[in-house]
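# Analysis of the macromolecular model
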Amino acid sequence: GAVVSQHPSWVICKSGTSVKIECRSLDFQATTMFWYRQFPKQSLMLMATSNEGSKATYEQGVEKDKFLINHASLTLSTLTVTSAHPEDSSFYICSARDKAGVANTGELFFGEGSRLTVL
Amino acid sequence: GNSVTQMEGPVTLSEEAFLTINCTYTATGYPSLFWYVQYPGEGLQLLLKATKADDKGSNKGFEATYRKETTSFHLEKGSVQVSDSAVYFCALSVYGGATNKLIFGTGTLLAVQP
């Protein structure tokens, strides 16, 4: 089946530093990847849509310069939280759409999530 | 616009009880509908899906039927187990132009007690 892997699964950093989270599709090509942020009360917020070889499309209210997204290949997208602050602490989840297979049904495959804690 | 509304949790049940988690949607066009499950400390996993009206998605004893007339996709299971404790998300996807994003409900926490 389609597998999406995120790394790291958890990270602790100091305030003011930058953190990069990787999202890889392991056995399929993903022209589109999505980054979500999950808040403590469960709601899943779409942050941005990442298309291979082009700039990401950010949702309203999401700071582009704060959350840098790069989708350099069909199997890798990265999210960099720049100058992280405690309020950026959250669970970040990526998902990917298979280029070839299930695009017509809209199914997404999700990574395991990355928990960021900013001290 | 497109949106998903699901019942607020937490839902607390005893083992072997019947489960229903309500989900209704608003969509322009013809959405595909999904239920995703998130177990503690893990990412989301697709539980089941339905791509057109009257389709029934099923997996692991869970079922949901795509009801266009009531714009609903309620999740049901006849006999829950402790291992079903998780957060359940209803979602829809509509294609057309830029609207190819997956839109989630707020999630419903299910706690099953032995």
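The structure under discussion appears in the preceding block.
About the thresholds
Residues numbered from 1 in each chain as written. Chains lettered and ligands numbered in written order. Predicted model: local features only at pLDDT ≥ 70, side-chain atom pairs only at ≥ 80, totals over all residues. Heavy atoms only, no water. Buried < 20%, exposed > 50% of the residue type's maximum accessible area, 1.4 Å probe, protein only. Helix = DSSP H or I, 4+ residues; strand = E, 2+ residues; numbered from the N terminus. Pairing = 2+ DSSP bridges. Axes fitted to C-alpha atoms, helices over the stretch in contact; angles between N-to-C directions.

### Quick word on the pairing of strand E9 (residues 90-97) of chain A
Residues and elements named next belong to chain A.
- By the criterion of burial, E9 is predominantly enclosed, with eight of the eight residues buried.
- Covered by surrounding structure in E9 are Ser 90, Tyr 92, Cys 94 and Ala 96 together with Phe 91, Ile 93, Ser 95 and Arg 97, the residues of both alternating faces.
- Note that strand E4 (residues 32-38) and E9 share seven bridges and pair antiparallel. When the bridges of E9 are listed, Phe 34 appears paired with Ser 95.
- Where E9 and strand E11 (residues 114-118) come together, three bridges link them in antiparallel fashion. What sits directly across from Ser 90, in E11, is Leu 116.
- As judged from the two bridges shared by E9 and strand E10 (residues 109-110), these two strands associate in the antiparallel manner. Across the sheet, the residue bridging to Ser 95 is Phe 110, located in E10.

### Quick notes on the sheet that holds strand E9 (residues 75-77) of chain B
Residue and element names in this part refer to chain B.
- Overall, antiparallel pairing links the four strands, which are arranged E3-E9-E8-E7 in an open sheet. Of all the strands in the sheet, just strand E3 (19-21) and strand E7 (56-59) have a single pairing partner and so form its edges. Strand-to-strand twist in this sheet, taken as the mean axis angle between neighbours without regard to direction, amounts to 15 degrees.
- Pairing of E7 with strand E8 (residues 62-65) involves four bridges; the strand directions are antiparallel.

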